[in-house]
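Secondary and tertiary structure notes
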Amino acid sequence: QGLERTEHEGFGGGNTAWEEEKLSKYQHSETRLLEVLEGVCAPSDFACHQLLERSEEHVEQWWFHEQQQHPDFFQWLCVDRLMLCCPPGTYGPDCRSCAGGPRQPCSGNGRCDGDGTRRGTGLCVCSPGYGGPFCAECGDGYYEVSRNKSHLMCAECYQACGRCTGPEDSSCLRCKRGWVLHEHRCIDIDECGTEMAHCRANQYCVNTEGSYECRDCSTACIGCMGAGPARCKKCNKGYWRDGAKCLDVDECASAEEPVCTGVQEVCENTEGSYRCVCAQGHVRRDGQCIEDKPPDAPEKGFFDDVTDDEVVVLQQMFFGVMICALATLAAKGDMVFTAIFIGAVAAMAGYWLSDRSDRVLDGFMKGR
């Protein structure tokens, strides 16, 4: 592909005429060889890169010295020098002819095992519908539509036919397994009715086209003749027979004495049995049914239900009482209490403006 891609190209850029005159023709230059080799292997194909690296000297020898005498690069490198491949239609270490000959291996109706490699057996692996050592015959379940010296066409028989002369159900020569031949027609064998089926205990047989199936009996049955609780041979434990049908026994309702004796336990009927569960409003813990109630909550403190706004109000009331008391003492002319009063007013104003400044400013801006 690289040779085809670069066949009509030249030196990239510069004076191509001068380069070809002083160096060599692009068609046989090292520049073209490098451009070809760049695209030989996919970036992630490690095996290809490894093989190319090992074959570098052979590739250069063919490029500069062997092209004219051996234009088939694949034959020269892969078959003759590296001896990794064989020509098409041959196989093995000595490149022997495949079954049916190298020109048309396996009559064109299959593939030769190892074709084109130094491995394989050379035997034919036939395509569907063909058979024989050279794939020159129609396989089982197929008949011959046409044939000439070089070509054979086979088509599928009727589904029940192992061998046939045509596509009709009346053209059978041999039947597939599970069918019997009768007047050139293949009739299905009823394995279930002829005791040819082998099903396990507690299964029943179902006939199918050319075969049969084994299916499980109903859980109500011990042995059965078909599907459902009405085809039981014998009723299973936990069931009772009502005519032809095996019905579930309600152990909870039919028992003379309670079947669940635990405290706060009640009986719950199930298919073929029963189970003991806790009564409504109870849960099972450590094997006993106890009342399902949330754990006791710790006692609340005096201020647990107080909201944040109520705390702010209480704080303001406390500061108000303290300021009033200090104002009363300051009114008597005591300088010490007067100083404490002024400090408390300043602290209250600072707390109010710092902690509530956003609210005060927002209310002021809205005219509140």
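Residue numbers here run from 1 along each chain, matching the order of that chain's written sequence. Per-residue local features of the predicted model are confined to residues with pLDDT of at least 70, and side-chain atom pairs are confined, for both listing and counting, to 80 or more; whole-chain, interface and lining totals are unaffected and use all residues. Hydrogens are left out, water is left out, and the side-chain values use all remaining heavy atoms of the structure.

Right, let's get into the packing of helix α5 (residues 56-66) against helix α6 (residues 73-81). If you want to describe how two helices pack, look at the angle between their axes and the distance between the axes. Axes, fitted as lines to C-alpha atoms, cover a helix only where it is in contact. Angles between the N-to-C directions of the axes lie from 0 to 180 degrees. In this description a helix means any DSSP run of H or I spanning at least four residues, a strand means any run of E spanning at least two, and both kinds are numbered starting from the N terminus. Interhelical geometry of α5 versus α6 gives an angle of 135 degrees and a closest axis separation of 11 Å. The angle between the axes of α5 and α6 places the two elements in the oblique class. At the point where α5 passes α6, the crossing takes the right-handed sense. Each of His 58, Val 59, Gln 61, Trp 62 and Glu 66 in α5 lies in contact with α6, whose residues at this interface are Phe 73, Trp 76, Leu 77 and Arg 81. Residue type decides the class: Asp, Glu, Lys and Arg count as charged, Ala, Val, Leu, Ile, Met, Phe, Trp, Tyr, Cys and Pro as nonpolar, and the leftover types, Gly among them, as polar. For the contact of α5 with α6, the residue count by class is 5 nonpolar, 2 polar and 2 charged. Relative orientations are named as follows: roughly parallel for angles under 35 degrees, roughly antiparallel for angles over 145 degrees, roughly perpendicular for angles from 65 to 115 degrees, and oblique for any other angle. Left-handed is the label given to a crossing in which the near helix is rotated counterclockwise from the far helix by less than a right angle, and right-handed is the label when the rotation is clockwise. Whether two residues are in contact is decided by their heavy atoms, any of which lying within 4.5 Å being enough.

For the rest of this paragraph, the subject is the packing of aromatic side chains. Any two of the Phe, Tyr and Trp rings considered here, Trp counted by its six-membered ring, make a pair once their centres fall within 6.5 Å; the pair's planes then place it as stacked at under 30 degrees, edge-to-face at over 60, or tilted in between. What the rule picks out here adds up to 2 aromatic pairs. Measuring from centroid to centroid gives 6.4 Å for Trp 62 and Trp 63, while their planes differ by 50 degrees, and the two rings are tilted. Judged by relative accessible area, Trp 63 falls into the buried class, the value being 4%. A ring pair is formed by Trp 62 and Phe 73, whose centres lie 4.7 Å apart and whose planes are at 55 degrees; its orientation type is tilted. Here Trp 62, found in helix α5, pairs with Phe 73, found in helix α6; they are 11 residues apart in sequence, far enough to count as distant. Of the aromatic side chains, those joined through ring pairs into one cluster are Trp 62, Trp 63 and Phe 73. Relative accessible area decides the class of each residue, using a 1.4 Å probe on protein chains only: under 20% of the type maximum gives buried, over 50% gives exposed, and in between gives partly exposed.

Points on a 1 Å grid over protein atoms alone make up a cavity when a 1.4 Å probe fits among them but cannot get out, and a pocket when they form an open set with protein on both sides within 12 Å along at least five of seven lines; lining residues each have an atom within 4 Å of a point. Grid points are joined across faces, edges and corners, and a volume is the space filled by probe spheres set on the points. Roughly 650 Å³ of volume is contained in the largest pocket. Listing elements by their share of the lining of the largest pocket, those giving two or more residues are α1 (2-5), α3 (30-38), α4 (46-54), α5 and α6. Split into classes, the residues belonging to the lining of the largest pocket amount to 18 nonpolar, 4 polar and 2 charged. Here the second largest pocket is characterised by a volume of approximately 210 Å³. Residue lining of the second largest pocket: 13 residues in total, with Gln 203, Tyr 204, Cys 205, Cys 224 and Lys 233 positioned closest to the centre. In the lining of the second largest pocket, the residues fall into 7 nonpolar, 4 polar and 2 charged.

By secondary structure assignment, the location of Gln 67 is in the loop between α5 and α6. Gln 67 gets classed as buried once you look at its relative accessible area, which sits at 16%.

For the pair α3 and α5, the least separation of the axes is 11 Å and the interaxial angle reads 135 degrees. Here α5 runs oblique to α3, going by the angle between their axes. Between α3 and α5 the crossing geometry is right-handed. Every residue of α5 that contacts α3 at Glu 30, Arg 32, Leu 33 and Leu 37 is listed here: Val 59, Glu 60, Trp 63 and Phe 64. Residues of the contact of α3 with α5, tallied by class, amount to 5 nonpolar, no polar and 3 charged.

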